[in-house]
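A closer look at the structure
In case you want the letters, here they are:
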Amino acid sequence: DAKTTQPTSMDCAEGRAANLPCNHSTISGNEYVYWYRQIHSQGPQYIIHGLKNNETNEMASLIITEDRKSSTLILPHATLRDTAVYYCIVRVDQTGANNLFFGTGTRLTVIP
Amino acid sequence: KAGVTQTPRYLIKTRGQQVTLSCSPISGHRSVSWYQQTPGQGLQFLFEYFSETQRNKGNFPGRFSGRQFSNSRSEMNVSTLELGDSALYLCASSLGSGQGNYGYTFGSGTRLTVV
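In this report, we go over the structure that sits alongside the text.

**Side note on the overall build of chain A**
For chain A, the count of helices and strands is 0 helices and 9 strands. Beginning at the N terminus, the succession of helices and strands in chain A can be written as β-β-β-β-β-β-β-β-β. What you see for chain A is a C-alpha radius of gyration of 13 Å, in line with the 13 Å of a compact globule of 112 residues. If one aligns the C-alpha atoms of chain A with their principal axes, the spans along those axes are about 40 × 30 × 25 Å. The buried share of chain A, taken over its 112 residues, is 46%. Counted over contacts in chain A with a minimum sequence separation of 6, partners at least 24 positions apart contribute 57%. Accessible area of chain A: about 5,700 Å², with a carbon and sulfur share of 48%. Of the charged side chains in chain A, 9 are positive and 10 negative, and the gap between their average positions amounts to 4 Å.

Below you can see the structure in the form of structure tokens.
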């Protein structure tokens, strides 16, 4: 699986957009980019995923560069409840590919 | 609908004992994966079951085992507990055997402390 690189930590002011970057320069053509987050003492929560095109759902937007070597997760209006560790995972979506490598993620702190 | 249910939420065991943790996936989900989370190693994949068959296994010793029942509920067992087994054990379920369009749904975990 392609490895990912994320900043260790980031701060964001409440109400502002939080932009979390992820580098995955060795991504292969059939690998998706997935984002999960983990709020303290809870299980990880799926946020969004994409292959090539930008994606948006009720939680966030995912921007993937044209060469697919990096992506950015955007939380449009960060709230205090968005304080969490955010994991960028690159993985194929196929049978038996459930062994996700979470890495260390980015600790996002939303500041009042 | 109900989420992924893990029981018990907290557990304290003594070195050398064995423990069984339970996971009930979302109704209709057939895949259950288990992860161990420790401060030092982060989230690490243990194994995945789909339709009562283990499809994938992480790099853990044979003391860690699991099974899945016909109703998709899963259990994991750790025998001869060691202090290093103290961790948050997380279960994740998905409809099929991949992440699909909705990713995995994780439970809140079982926090195991070995003393």
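So, next bit.
**Looking at the packing of aromatic side chains**
Per the counting criterion, the structure on display carries 11 aromatic pairs over all chains. With centroids separated by 6.0 Å and ring planes inclined at 75°, the aromatic side chains of Phe102(A) and Phe106(B) adopt a geometry described as edge-to-face. Of this pair, Phe102(A) sits in the loop between strand E8 (84–92) and strand E9 (106–111) while Phe106(B) is found in strand E10 (residues 105–106), placing the two residues in two different chains. For the pair Phe102(A) and Phe106(B), a shared accessibility class is recorded, and that class is buried. With 5.7 Å between their ring centres and 70° between their planes, Phe47(B) and Tyr49(B) make a pair best called edge-to-face. Across the pair, exposure class does not vary: Phe47(B) and Tyr49(B) are buried alike. Taken together through their ring pairs, the aromatic side chains of Tyr36(A), Tyr46(A), Tyr87(A), Phe102(A), Tyr35(B), Phe45(B) and Phe106(B) make up a single cluster. A cation sits over an aromatic face here: Lys3(A) above Phe101(A), 5.8 Å from the ring centre.

**Some points on the pairing of strand E9 (residues 87–94) of chain B**
All names here are of chain B. The buried fraction of E9 is high, at 8 of 8 residues. Across the two faces of E9 the burial is the same, with Ala87, Tyr89, Cys91 and Ser93 and Leu88, Leu90, Ala92 and Ser94 all buried. Judged from the 7 bridges that link them, strand E4 (residues 31–38) and E9 form a sheet pairing that is antiparallel. Looking across to E9, one finds that Trp34 is bridged to Cys91. Pairing of E9 with strand E11 (residues 110–114), which is carried by 3 bridges, proceeds in the antiparallel orientation. Looking across to E11, one finds that Ala87 is bridged to Leu112. As paired strands, E9 and E10 are joined by 2 bridges and run antiparallel to one another. Within E10, the position partnered with Ser93 by the bridge is Thr105.

Reading the values: the criteria
Residues numbered from 1 in each chain as written. Chains lettered and ligands numbered in written order. Predicted model: local features only at pLDDT ≥ 70, side-chain atom pairs only at ≥ 80, totals over all residues. Heavy atoms only, no water. Helix = DSSP H or I, 4+ residues; strand = E, 2+ residues; numbered from the N terminus. Rg over C-alpha atoms; globule rule 2.2 N^0.38 Å. Buried < 20%, exposed > 50% of the residue type's maximum accessible area, 1.4 Å probe, protein only. Contact = heavy atoms within 4.5 Å. Areas by Shrake-Rupley, 256 points an atom, 1.4 Å probe, with all protein chains shown as cover. Lys, Arg positive; Asp, Glu negative; His and termini not counted. Charge placed at Lys NZ, Arg CZ, Asp CG, Glu CD. Phe/Tyr/Trp six-rings, centres within 6.5 Å; stacked < 30°, edge-to-face > 60°. Lys NZ or Arg CZ within 6 Å of the ring centre and 35° of its normal. Pairing = 2+ DSSP bridges.

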